[in-house]
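# Fold and geometry: a report
Each chain, letter by letter, is given below.
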Amino acid sequence: MSHRRTLDPYSPNTPTADSDRLFLSPTSPNYSPIPPPSFDTARTSSITSRTRLKVACKIHRWTPTFHWFVPTAMVVVFLAGCLGAVSHHLFYRYLNGRSAENQLMVSRIGVAIAFFTKASLVGSVVLAYRQRVWRTMRRKPISLSGLDALFQVVESPVWFFMGKEMFVKARVASLMAAATWIIPIASVLAPGALTAQMTQVEFGPRGECIVSSLDFSKEVENDWRPREKNKGYHLGFWNTTPPPPETAVVDWYDQPSFQTVRLTQLAYLGKKILAEEQNPCGRWNCSYSTSFHAPWYNCTSVPFSSTPFILSTFVPHSPSLAAGGINYIYRAILPPNSTVYARPYSPDYKSSTYTSQGTFFPPPPLYLAVVENTTKPIPGVGKNSRWNHTLLPQAYECRHQKALYNVTSVWASNRLVSRKAKVSDGIDQLPNGHLSPWDKKRYREFVAYYSIGVIMRELLMRDMVLDNQTMLPVTHTQLTKTRLFMRITQKPVANFTASFQRFYEEMVMSFISEPDFMIAKTETVRCKKRRLENRFCYNPASLWVGKYVLGGWVLANDSTSPDGPGLG
């Protein structure tokens, strides 16, 4: 049995000639005007209402609307990128300044976070970019080639050169497309924000170090007879009356000990201060300060008239040697008829009767005179004259004193790089009267100071003579053994007294390096420890540039435009 389908002429699904004509344009070949309706007014109103409802439904389907998925996805992916960026920053900041261990694993973690952040930010930019493209299409006419470039440029950068129209009609979208290529480049550079560098590391605010120092008062305990009390080398050798094995009544000074001479020779023959064998701070670089009383030469400038010197015997005032002149350029002397320590002794060495043997008298000052070259040419003088530059003789009075040394030592790379002293409070040890060996404590301490000072004084004594500027000097002094004499100019160093005082201070401080002397001691002092270690160094600017700033700027410039067709 066949069934015949009955069509409702008023149903919108029923095809009619009139309905087909609704979709024909005036230029279509089958187009003809619709004849006026021949049915009544009620039926015409019903058909018109249904047709308007049908068109309204179509218009409603094509009207742009906001959809929750794309904006939500864009925000969620962007927040994931921001979380990765903050995590990357916090991870590197945690490592900043820490020991550079497990560098390979740290690098892998940094690269993983960087690429996660890159993928998230690029994804959010792409979603925003597509929304921007649809917004541009609704507002501006754009050709098919430009439209093709807008959709393909996030996949191939070639379209930046082929689709020039998009730079004119879609500038913001073009910038967003460029961001999708710039952010990955920045993510490659981001792991370089954390590097391993050799860094100076300090050990807390202040540490403690056991360091070497000096204590000249320990010579007061000087008793070299009992072996169990022999605690180190003494600075001087001693005479005794009567000689051993008999019991002596008193001991008295003879000369500096051989160990004192050895150490002072090492100090003045070398070019730098003697240092301890080991760094007192161990593996650390450090600096610390110590203080002690030690011998010092206090020199002051004085006029020639108040010294034993005769100015006319110094250049340039002295005539030539051929004319009977002397021509001193350097001289060091003691006052005439001065006595520091009387020799030979009287009465007989083996006598048990004491009078003046071993007695110290107030030490006289040491007078120094040095001719300094001012390097100022003498006007109107030819090249063949005796002197071409202005020469200025200077006289100084130096007194050997007991002074307070404040010594600052700096160790680096397991060696002493600096040791400097600030000397103050110099006082004369024998301002009045003499010092007898019967006053054992004062006598023994004075001998400790005197033993070093007399070696320095012997190096300075006597003179140097120079007849003219073309000749070499004739020396009668041991000064040429020391660095107070310049090899190139063959003259004493410039600013002689300051150099001499610093030289003597370094000679005294060289005794710190010898732990076997009686005066050596150790003490615990506050010190600043530091050393070079391989540490992580974080540069935040390298991490944040481009990768996160540009991505955030692009998203901020995107409007939450309505979804276009096909975007959900």
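For the structure given in this document, a descriptive report is provided here.

Rules used throughout
Residues numbered from 1 in each chain as written. Predicted model: local features only at pLDDT ≥ 70, side-chain atom pairs only at ≥ 80, totals over all residues. Heavy atoms only, no water. Helix = DSSP H or I, 4+ residues; strand = E, 2+ residues; numbered from the N terminus. Buried < 20%, exposed > 50% of the residue type's maximum accessible area, 1.4 Å probe, protein only. Core = buried A, V, L, I, M, F, W, Y, C linked by side-chain atoms within 4.5 Å. Contact = heavy atoms within 4.5 Å. Expected span 1.5 Å × (residues − 1). Phe/Tyr/Trp six-rings, centres within 6.5 Å; stacked < 30°, edge-to-face > 60°. Lys NZ or Arg CZ within 6 Å of the ring centre and 35° of its normal. Disulfide = S-S within 2.5 Å. Axes fitted to C-alpha atoms, helices over the stretch in contact; angles between N-to-C directions. Parallel < 35°, antiparallel > 145°, perpendicular 65-115°, else oblique. Left-handed = near helix turned anticlockwise from the far one by under 90°. Nonpolar A, V, L, I, M, F, W, Y, C, P; charged D, E, K, R; others polar. Pairing = 2+ DSSP bridges. Polar contact = N/O pair within 3.5 Å; in protein donor to acceptor, adjacent residues only side chain to side chain.

### A look at the overall build of the protein
Helices and strands together make up the secondary structure of the protein, namely 13 helices and 14 strands. Counting over 568 residues, the protein shows a buried share of 41%.

### Let's talk about the nonpolar core
Among the nonpolar cores identified, the biggest contains 73 residues, and Leu-460, Phe-496 and Phe-500 are the most heavily contacted of them. Those residues within four positions of Phe-496 in sequence are excluded, and the remaining contacts are Tyr-330, Leu-368, Val-370, Glu-372, Leu-460, Leu-479 and Leu-484. Residues Val-250, Trp-252, Tyr-253 and Val-447 belong to the second largest nonpolar core, which totals 15 residues.

### Let's talk about helix 3 (residues 69-95)
With 27 residues, helix 3 extends 39 Å from end C-alpha to end C-alpha; this agrees with the ideal 39 Å at 1.5 Å per step. Here helix 3 has its buried residues at Val-70, Ala-73, Met-74, Gly-81, Gly-84, Ala-85, His-88, His-89, Phe-91, Tyr-92 and Leu-95. Gly-97 occupies a position one or two residues after helix 3 and carries a positive phi of about 85°.

### Some words on the packing of aromatic side chains
Aromatic ring pairs are defined here through the distance separating the ring centres and the angle between the ring planes. Applying the stated criterion across every chain yields a total of 24 aromatic pairs. With a centroid separation of 5.9 Å and an interplanar angle of 70°, the aromatic rings of Tyr-233 and Phe-517 are classed as edge-to-face. With Tyr-233 in the loop between strand 2 (207-214) and strand 3 (236-241) and Phe-517 in the loop between helix 11 (496-509) and strand 14 (520-538), this pair connects stretches of sequence that are 284 residues apart. When its relative accessible area of 1% is taken as the criterion, Phe-517 is described as buried. A cation over a ring is seen here: Arg-531 above Trp-284, with NZ or CZ 3.9 Å from the ring centre.

### Quick word on the state of the cysteines
Here a disulfide denotes one covalent bond, and it connects the sulfur atoms of two cysteines. This model, assessed by the stated rule, comprises 3 disulfides. Sulfur-sulfur distance for the disulfide between Cys-209 and Cys-527 comes to 1.9 Å. Note on the Cys-209 and Cys-527 pair: the S-S dihedral is about 70°, so by sign convention the disulfide is right-handed. Within this pair, whereas Cys-209 is found in strand 2, its partner Cys-527 is found in strand 14, the two being separated by 318 residues in sequence. Residue classification places Cys-527 among the buried positions, given a relative accessible area of 0%. Along the protein, the cysteines engaged in disulfide bonds are linked according to the scheme 1-6, 2-3, 4-5 when indexed in sequence order.

### Focus on unusual backbone geometry
Here Val-315 and Pro-316 are connected by a cis peptide whose omega angle stands at 5°. Tracing the sequence through the fold places Pro-316 in the loop between strand 5 (285-302) and strand 6 (328-333). Phi at Ser-413 is positive, roughly 55°, even though this residue is not glycine. For Ser-413, the location among the structural elements is in the loop between strand 8 (389-412) and strand 9 (415-427). The backbone of Asp-425 sits at a positive phi, close to 60°, despite the residue not being glycine. Along the chain, the position of Asp-425 falls in strand 9.

### Focus on the packing of helix 10 (residues 440-460) against helix 11
The contact between helix 10 and helix 11 brings their axes to 11 Å, and the two run at 140°. In terms of orientation, helix 10 and helix 11 fall into the oblique class. As helix 10 runs across helix 11, the sense of the crossing is right-handed. Along the contact surface, helix 10 presents Ile-452, Gly-453, Met-456, Leu-459 and Leu-460, while helix 11 presents Phe-496, Phe-500, Phe-503, Tyr-504, Met-507 and Val-508. In the contact of helix 10 with helix 11, the residues fall into 10 nonpolar, 1 polar and no charged.

### Digging into the pairing of strand 8
Relative to strand 8, strand 5 runs antiparallel, the two being bridged by 17 bridges. Bridge assignment links Thr-290 to a residue of strand 8, and that residue is Val-407. Two strands pair when backbone bridges link them, and strand 7 (residues 366-377) and strand 8 are joined in this way by 9 bridges, in the antiparallel orientation. For Asn-373, the partnering residue across the bridge sits in strand 8 and is Leu-391. Pairing analysis gives 10 bridges linking strand 8 to strand 9, with the strands arranged antiparallel. Looking at the pairing, Thr-408 lines up with Lys-420 of strand 9.

### A word on the side chain of Thr-307
Locating Thr-307 in the fold gives a position in the loop between strand 5 and strand 6. Judged by its relative accessible area of 11%, Thr-307 falls in the buried class. Engagement of the side chain of Thr-307 in a polar contact is seen with the backbone oxygen of Phe-304, the distance being 2.8 Å. With near-sequence residues (within four places) excluded, Thr-307 lies in contact with Val-302, Tyr-367 and Ala-395.

### Examining the packing of helix 3 against helix 4 (residues 103-139)
Close contact between helix 3 and helix 4 brings their axes to 8 Å; oriented N to C, the two are set at 155°. One finds that helix 3 runs roughly antiparallel with respect to helix 4. Between helix 3 and helix 4 the crossing geometry is left-handed. Residue classes in the contact of helix 3 with helix 4 are distributed as 19 nonpolar, 9 polar and no charged.

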